[in-house]
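# Survey of secondary and tertiary structure
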Amino acid sequence: MIAIGFEGSANKIGIGILEHTASGEAVVLANVRRTYITPPGQGFLPKDTAVHHRQHVLALVKEALAVAKIKPSQIDCICFTKGPGMAAPLISVALVARTLSLIWKKPLVGVNHAIGHIEMGRMITGAQNPIVLYVSGGNTQVIAYSEKRYRIFGEAIDIAVGNCLDRFARIVGLPNDPAPGYNVEQCAKRGKTFVELPYGVKGMDVSFSGILTFIESVAEDKLKKGLVTVDDLCYSLQETLFAMLVEITERAMAHVGSSEVLIVGGVGSNVRLQEMMESMVKDRGGRLFATDERFCIDNGLMIAQAGALMYATGIVTELENTNCTQRYRTDDVYVAWRE
Amino acid sequence: MATVVPVKQGAEARLLDIDFGGRPAFAKQRFKKAYRHPVLDERLTARRVTQEARTMLRLRRAGIDAPALFLLDTANSIIYVERIEGDTVRDVLRGGVDDAQFEAIARAIGADLAKIHDMDLIHGDLTTSNMMLRHGTRKLVWIDFGLSYTSTLAEDKGVDLYVLERAIQSTHPNQAKAMVRHAGRAWRGTLLTPWNKFDGIIRQYTADSKNAQPVIRKFEEVRLRGRKRTAFG
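Everything numeric in this text was worked out from a predicted model, so none of it was measured.

Residue and element names in this part refer to chain A. Following both chains from N to C, one finds helix α3 (residues 113-125) and helix α10 (residues 300-312) inclined at 90 degrees, their axes separated by 8 Å at the closest point. In this view, α3 runs roughly perpendicular relative to α10, as classed from their interaxial angle. Every residue of α10 that contacts α3 at H113, I115, G116, H117, E119, M120 and M123 is listed here: L301, M302, I303, Q305, A306 and L309. Of the residues contributing to the contact of α3 with α10, the split by class is eight nonpolar, four polar and one charged.

This is the structure in structure tokens:
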């Protein structure tokens, strides 16, 4: 069975094609992507992001088919991100999926973006039943599977961790190319002085907005006086934010009794986060599963993978139900494909 | 203090079964976290050890049941506390309780929590694993105060309630169904969602707390932030 996946919920437009063989193996045939990059100090606005996606999507479809060396007729289902995400970009991509479904006469499968990340991570790493830390520009969730749902044990109660990193990068003028978080990570490697920041763990939930406000004032004050460097602040911010994430992940492991951890989402490609998590997981005698930027960061393949699993259990989204939704909880999805 | 038997290792502390001058006790030792920056680690551990001891004392003085504090060893990050003979509320709920039993537990939680918040104490880690029922009396005991702190803000109290609601929803997703079976009233199934069960706690809290209104308003605000916040990326 061959599935094609369309993802465009934020500033990346990605198309992936994969095949589930008769033996149950998943083979990656194509995974292509374009990223909408804004000037330093600016975020991406929904309207402009949608324009970007519309400009690239058709060329990407051709590219994906060429890389995969398949014809549209060989495809079994067309998967697209139903949500959560920014409305205009989501809609621009869903429109293409719908149109191709009519032209190619193939069924549609609407996929929850978070479920895409989780299923992609499980497929690539082979993790069986891990505690999932899903960290990106829009999401911070600690997830465990139980009784047919991916249940959210902990999450950010205000802004997402990636959003906190991105906004800090903009405050200190770091470029958005290739990604603001990536540039924070590089600066952090050169940081020496640890600046104490607020620490916002609330049970298994976390809060980041206070930290952002605090570091903003530190940047305003101490940075100008030359008491700290941008590198120091990046370093301190990462150490603090990631310690919080590792802590709530560990708490979820202890609570659920699991020894595996899977990190997914764009922030999951941060090597320092992976190191810290590895250290905690090792101390508990468990295993860490992580992926690199090809699979961590939003991509079409993850939508194809989750969609293919859904399609195999008989789930198809009828054309009239292919609307998008900005708000779509991870635990809203009934996970028919797992025991 | 004589024999030392390790019992269990939590996320950040090790519990040792000990005998403290003839009384059954736990030695709870918080250990270093290698993944954390040493400055941050030291600060967090020191704060949590003292905060835990402080909160236990305050609660007991206010007549809310918590383990008795025997000794505080800040140098080694160990507290020596009474070993509670009982079951966690988590295990009790998972074991299956009938409507009346559940209602009684929910009311006890709501009543105590109102008192705790009225003292401007925030638990910080409210889960059903951090509440116990004593063997024999079946009275509610609160444990694990490492994340507790003092605050007068309705926001902090609202978040405390939100954390508890989330913990109940994620830990006991099928509790409602199990209860329906137990009570043999399948037709009431739709009423017995985890949310409605949590309602019992909130009802009692609202009735008892002197400051319920702004806290509940904040709680509802926080809940909207979590559940309906736009999420992408």
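So, next bit.
The subject of this paragraph is the UniProt feature "domain: Gcp-like" (unreviewed entry) in chain A. In the numbering used here, UniProt assigns the feature "domain: Gcp-like" (unreviewed entry) to residues 30-304 of chain A. Secondary structure across residues 30-304 of chain A comprises 51% helix and 18% strand; the distance between its end C-alpha atoms is 10 Å.

Attention shifts here to unusual backbone geometry. Note on backbone geometry: most residues besides glycine have negative phi, and most peptide bonds are trans. At the junction of G83(A) and P84(A), the peptide bond is cis and its omega measures out at -5 degrees in the coordinates. Note on placement: P84(A) falls in the loop between β4 (77-83) and α2 (87-104). Note the cis peptide between D177(A) and P178(A), where omega equals -5 degrees. Within the secondary structure layout, P178(A) lies in the loop between α4 (161-171) and α5 (180-188). Within the chain, K148(A) stands out as a residue other than glycine whose phi angle is a positive 70 degrees. Along the chain, the position of K148(A) falls in the loop between β7 (140-146) and β8 (149-155). With a phi close to 55 degrees, S77(B) is a non-glycine residue in the positive phi region. Inspection of the secondary structure assignment puts S77(B) in the loop between β4 (69-73) and β5 (78-82).

Here we take up the interface of chain A and chain B. Frequently, the measure chosen for interface size is the accessible area removed from exposure when the parts meet. Counting residues at the interface gives 50 residues for chain A and 38 residues for chain B. Carbon and sulfur atoms supply 50% of the area buried between chain A and chain B, which totals about 3,800 Å² over both sides. Between E196(A) and R43(B) there is a salt bridge, and its shortest N-O distance comes to 2.6 Å. Summed over the shared surface of chain A and chain B, the result is 14 residue pairs in polar contact (both at pLDDT 80 or more). Listing elements by their share of the side of chain A that touches chain B, those giving two or more residues are α3, β8, β9 (201-202), α7 (230-256) and α8 (271-283) of chain A.

Moving on: the nonpolar core. Formed by 58 residues in total, the largest nonpolar core has its most connected members in F208(A), L241(A) and M277(A). Among the elements that take part in this core, α7(A) stands out by supplying 13 residues, more than any other. With residues up to four places along the chain from it excluded, the contact list for F208(A) reads T140(A), A156(A), D158(A), I159(A), A160(A), V161(A), C164(A), L241(A), M244(A) and L245(A). Residues W142(B), A154(B), L161(B) and I216(B) belong to the second largest nonpolar core, which totals 45 residues.

Residue and element names in this part refer to chain A. Ordered in space as β3-β2-β1-β4-β5, the five strands form an open sheet in which the pairing is mixed. Sheet topology places β3 (26-35) and β5 (108-112) at the edges, where each strand pairs with a single neighbour. Adjacent strand axes in the sheet meet at a mean angle of 20 degrees when their direction is disregarded. As defined by bridge partners, strand β1 (residues 2-7) adjoins strand β2 (residues 12-20) across six bridges and the pair is classed as antiparallel. Residue I2 lies in a different strand from β2, and its bridge partner there is E19.

Residue and element names in this part refer to chain B. Direction vectors running N to C along helix α3 (residues 99-118) and helix α4 (residues 154-171) enclose 155 degrees, while the axes themselves pass 11 Å from each other. Here α3 is positioned roughly antiparallel relative to α4, judged by the angle of their axes. Where α3 crosses over α4, the two elements pack in a sense that is right-handed. Here α3 contributes I109, L113 and H117 to the contact with α4, which in turn contributes K157, D160, L161 and L164.

Looking now at the domain arrangement of chain B. Residues and elements named next belong to chain B. According to the domain assignment, chain B consists of domain 1 (4-82) and domain 2 (86-228). Taken together, the contact pairs 15 residues of domain 1 with 17 residues of domain 2. Both faces considered, domain 1 and domain 2 share a buried interface measuring about 1,400 Å² in area, 57% of it formed by carbon and sulfur atoms. The three residues of domain 1 that bury the most area against domain 2 are R58, I64 and D65, which together make up 39% of that side's buried surface. Inspection of the region where domain 1 meets domain 2 yields three salt bridges. Among the salt bridges present, the one from E82 reaches R134, with a minimum N-O distance of 3.0 Å. In this assembly, domain 1 and domain 2 are joined by seven residue pairs in polar contact (both at pLDDT 80 or more). If one sorts the elements of the side of domain 1 that touches domain 2 by residue count, helix α1 (residues 38-61) sits on top with seven residues.

What counts, and at which threshold
Along each chain, residue indices are assigned from 1 in the same order as the chain's sequence is written. Here every chain gets a letter starting at A, and every ligand a number starting at 1, in the order they are written. Since the coordinates come from a predicted model, pLDDT governs what is reported: local features require at least 70, and pairs of side-chain atoms require 80 or more to be given and counted, while whole-chain, interface and lining totals use all residues. Only hydrogens and water are set aside; all other atoms, that is, all heavy atoms of the structure, feed into the side-chain values. Throughout, an axis means a line fitted to C-alpha atoms (over the contacting stretch in the case of helices), and angles, computed between N-to-C directions, take values from 0 to 180 degrees. Strands here are runs of E lasting at least two residues and helices are runs of H or I lasting at least four, both read from the DSSP assignment and numbered beginning at the N terminus. For this classification, under 35 degrees means roughly parallel, over 145 means roughly antiparallel, 65 to 115 means roughly perpendicular, and everything else is oblique. Whether two residues are in contact is decided by their heavy atoms: any pair within 4.5 Å suffices. Lys, Arg, Asp and Glu make up the charged group, whereas Ala, Val, Leu, Ile, Met, Phe, Trp, Tyr, Cys and Pro make up the nonpolar group; the residues left over, Gly among them, are polar. UniProt positions are given in the numbering used here, feature names are shortened, and annotations may be inferred rather than shown by experiment. Summed over both partners, the accessible area lost on bringing two parts together, with a 1.4 Å probe, is the buried area. Salt bridge, as applied in this entry: a Lys or Arg side-chain nitrogen positioned within 4 Å of an Asp or Glu carboxyl oxygen. Here a polar contact is taken to be a pair of N or O atoms separated by no more than 3.5 Å, where protein atoms must pair a possible hydrogen donor with a possible acceptor and residues adjacent in sequence count only if both atoms sit in side chains. Definition of nonpolar core: a set of buried residues of the types Ala, Val, Leu, Ile, Met, Phe, Trp, Tyr and Cys, connected through side-chain atoms within 4.5 Å. Residue burial is assigned from relative accessible area. The probe radius is 1.4 Å, only protein chains are included, and a residue is buried under 20% of its type maximum, exposed over 50%, and partly exposed in between. Note: two strands are recorded as paired if DSSP finds a minimum of 2 bridges between them. Put simply, a crossing is left-handed when the front helix is turned counterclockwise from the back one by less than a right angle, and right-handed when it is turned clockwise. For the domain bounds, the source is a domain assignment made automatically or taken from a database.

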